[in-house]
Amino acid sequence: MIEVYAPASIGNFTVGFDSLGAALAPIDGSLLGDVVTICEAPRDEFICSGEYAHKLPSDANENLAYQCLVHFRTHVAPNMPAVKLELKKNLPIGSGLGSSACSVVAAFAALDKFAQTNLSQVELIELMADFEGLVSGGRHYDNITPCYLGGLQLTGDLIPNKSIALPVDENWYYVAAFPGFSLNTAKARSVLPKELSMHAGVEFAQRLSAFSSLLLTSRFDEALCIMQDNIAEPHRAPLINGFDQAKLSLPELGAEVVSISGAGPTLFSVCKTLEAAEQCAQWLEENYINEQGFCHICKLDNDGTRQLNVL
Ligand SMILES: Nc1ncnc2c1ncn2[C@@H]1O[C@H](COP(=O)(O)OP(=O)(O)OP(=O)(O)O)[C@@H](O)[C@H]1O
Ligand SMILES: N[C@@H](CCO)C(=O)O
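The numbering scheme is per chain: residues are counted from 1 as the chain's sequence reads. For naming, the first written chain is A and the first written ligand is 1, with later ones following in the order written. The predicted origin of the model limits local features to residues at a pLDDT of at least 70 and limits the giving and counting of side-chain atom pairs to 80 or more, whereas totals for whole chains, interfaces and linings rest on all residues. Side-chain numbers come from the whole structure's heavy atoms, not from hydrogens or water.

**Q** Go over the domain arrangement of the protein chain with me, naming the residues and quoting the values.
**A** Think of interface size as the accessible area that goes away when the parts come together; that is how it is often given. Domain segmentation is taken from an automatic or database assignment of domains. Looking at the protein chain, the domain boundaries give domain 1 (2-166 + 302-310) and domain 2 (173-299). Contacts between residues were defined by any pair of non-hydrogen atoms, one from each residue, lying within 4.5 Å. On the side of domain 2, 42 residues touch domain 1, which itself brings 35 residues to the contact. Note on definitions: buried area is the accessible-area loss of two parts on being combined, 1.4 Å probe, summed for both. Contact with domain 2 buries surface across domain 1, with Thr-14, Val-15 and Phe-17 losing the most and accounting together for 24% of the total. Salt bridge, as used here: a side-chain nitrogen of Lys or Arg that lies within 4 Å of a carboxyl oxygen of Asp or Glu. Along the contact surface separating domain 1 from domain 2 lie 1 salt bridge. For the salt bridge of Asp-18 with Arg-189, the shortest nitrogen-to-oxygen distance reads 2.7 Å. Residues adjacent in sequence count toward polar contacts only when both atoms are side-chain atoms; beyond that, a polar contact is any pair of N or O atoms within 3.5 Å, and within protein one must be able to donate a hydrogen and the other to accept it. For the pair domain 1 and domain 2, the interface holds 10 residue pairs in polar contact (both at pLDDT 80 or more). To qualify as a helix, a DSSP run of H or I must reach at least 4 residues; to qualify as a strand, a run of E must reach at least 2; elements of each kind are numbered from the N terminus. Elements that contribute at least two residues to the side of domain 1 that touches domain 2 include exactly β2 (9-10), β3 (20-26), α3 (121-136) and β7 (152-155). Here the side of domain 1 that touches domain 2 gets 5 residues from one element, more than from any other, and that element is β3.

**Q** Tell me about the UniProt feature "binding site: ATP" (unreviewed entry) in the protein chain, and please be specific about residues and values.
**A** In the UniProt entry, the feature "binding site: ATP" (unreviewed entry) is given for Pro-92, Ile-93, Gly-94, Ser-95, Gly-96, Leu-97, Gly-98, Ser-99, Ser-100, Ala-101 and Cys-102. Along the chain, Gly-98 falls in the loop between β6 (83-88) and α2 (99-115). Leaving out residues up to four positions away in the same chain, Gly-98 has contacts with Ser-9, Leu-91 and Asn-143. Structurally, Ala-101 is set in helix α2. Only protein chains enter the accessibility calculation, which uses a 1.4 Å probe; a residue is then buried when its area is under 20% of its type maximum, exposed when over 50%, and partly exposed in between. The exposure class assigned to Ala-101 is buried, which follows from its relative accessible area of 0%. Among residues more than four places away in sequence, those in contact with Ala-101 are Glu-132, Asn-143, Ile-144 and Cys-147. UniProt positions are given in the numbering used here, feature names are shortened, and annotations may be inferred rather than shown by experiment.

**Q** Provide a residue-level description of the state of the cysteines, including the pertinent values.
**A** Put simply, a disulfide is two cysteine sulfurs that come within 2.5 Å. Counted according to the given criterion, the structure contains 0 disulfides. The cysteine Cys-225 is free of any disulfide, with Cys-271 supplying the nearest cysteine sulfur at 15 Å. Note on Cys-298: no disulfide assigned, nearest cysteine sulfur contributed by Cys-295 at a separation of 8.3 Å. Look at Cys-298 and you get buried, because its relative accessible area is 0%.

**Q** So, the site of ligand 1: which residues are in play, and what are the values?
**A** With respect to spatial proximity, 23 residues lie near ligand 1, and among them Gly-94, Gly-98, Ser-99, Ser-100 and Thr-185 are the closest. With respect to ligand 1, the side chain of Lys-89 contributes an N or O atom lying 3.1 Å from a nitrogen atom. In this structure, an oxygen atom belonging to ligand 1 sits 3.0 Å away from a main-chain N or O atom of Leu-97. Compared with its free state, where it exposes 630 Å², ligand 1 has 90% of that area covered by protein. Sorting elements by how many residues they give to the shell around ligand 1 places α2 first, with 3 residues. Throughout this entry, Asp, Glu, Lys and Arg are counted as charged residues, while Ala, Val, Leu, Ile, Met, Phe, Trp, Tyr, Cys and Pro are counted as nonpolar. The remaining residues, Gly among them, count as polar. By residue class, the composition of the shell around ligand 1 is 10 nonpolar, 11 polar and 2 charged. Throughout this document, a residue counts as near a molecule or strand when at least one of its heavy atoms sits within 4 Å of that molecule or strand. Here the Shrake-Rupley method, with its probe set to 1.4 Å, supplies the accessible areas, and only the displayed protein chains count as covering residues.

**Q** Tell me about helix α1 (residues 64-76), residues and numbers included.
**A** Within the span of α1, buried status applies to Leu-64, Ala-65, Cys-68, Leu-69, Phe-72 and Arg-73. Of the surrounding elements, those touching the buried residues of α1 are β5 (45-49), β6, α2 and α3. Its side-chain oxygen 3.0 Å from the backbone nitrogen of Ala-65, Asn-63 forms the N-cap of α1.

**Q** Quick rundown of the site of ligand 2? Include the residues and the values.
**A** Taken together, Asn-12, Phe-17, Asp-18, His-140, Asp-142, Asn-143, Thr-185, Arg-189, Arg-236, Gly-262 and Ala-263 make up the full set of residues adjacent to ligand 2. Between an oxygen atom of ligand 2 and a side-chain N or O atom of Asn-12, the distance comes to 2.6 Å. Within the side chain of Asn-143, an N or O atom sits 3.1 Å from an oxygen atom of ligand 2. Contact with the protein chains hides 96% of the accessible area of ligand 2, taken as 260 Å² for the molecule alone. Across the shell around ligand 2, the residue classes break down as 2 nonpolar, 5 polar and 4 charged. Mapped onto the domain boundaries, the shell around ligand 2 takes at least three residues apiece from domain 1 (2-166 + 302-310) and domain 2 (173-299).

Structure follows, in C-alpha cells:
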C-alpha cells in the first residue's frame, strides 16, 4: 500500500495573487492536509473518508480524487493494475487552505508512485493544475506547487519548471484561522476586477519583484513591510464576516501582516515571535471562528507532499 500526505497551503501570499503560495505545518506536529492511500484490488474502487468527506458530492464521479484516478488510468498508465484508492478528506471545502489542490496533488503523487510512472516535476504540476482549474474558476498554481514541493513558491507559466522556492525568515510564525464557513473559490474569483489600471499593474509588479528580491537577499524585515494585497483582498474582505475587525485588532497583538489565505475565508497572519502568534491565535479563537472553525500556529511545511509509509 502507498500512503501519501499533501499539506494545506496559503494561496496569494499577499503580494503574489495567483503567483505565490506557502505550505503549512502546524507547530504542534499535527498533519493539516489530505491523505491518499492506494493498494491493488480486484477492480477499481474509490472510498472517500475523513472529517470532511460528507461535505463532498456522494457521486464518486464528482470527486476530484476519483477523476484523477480515471484520467491517470486513461491517459498516463493504461496498464496499471486495478486499485482501491481512498481519499481521507481532512481539509474543509471552500476554506482558502487549498483543499481541492490538496486532494489532486495527493492523488496524482500517489498514483505516480504506485504505477512507477516517474512523471517529471513539470508534467505532474501541469496535470495537477488542470484539475485544480476545473473547480476553481481559473487555472493557477499557487496552491498546487507549495502543496507539492513545500515551502514558499513563486509559481506560474513564466517560471522555469513552473516554480522557484523562496527563502523566509526562520523566526516567522503563520497563524491560520478557518472561521468555520465556506467560501466558494469560483465565487470569490468572480468579484475580482477583470482588468487592472496601468498604475495598479506597475505597483503589483514592483511589489512582487521587490518582495522576492528582499527574501533572496535575506532582508526579511523589509520584505514584511511591503506584504500587502491590493489586488484581491479589498474585493474579498466584504465576503468574509469578521475579517475587517481582525485586520484592525491583530496588529495590536503583534501581528506583522494580516490577510486572506487563498480565496478565503481562512485568515492568516505573520508574526515574528511565538508569543505574538499565541496572542493572535487566542483572539482569533475568541472572535473569528465558530464551532466548526479551527486555528493553527504554523511554520512552513518544507517537505511538501510525501509518502507516509510503504507497506
Ligand atoms: N476531493 C475534493 N476536494 C475538494 N473539493 C472537491 C473535491 N472533489 C470535488 N470537489 C468540489 O470542488 C469544489 C471546490 O471548491 P473550492 O475551489 O471553493 O474549494 P477549495 O479548494 O477548498 O478552495 P481553496 O483553494 O480556496 O481552499 C467544490 O464544489 C467541491 O465539491
Ligand atoms: N489564487 C487563488 C487561490 C485560491 O485557490 C485565488 O485567489 O483565487
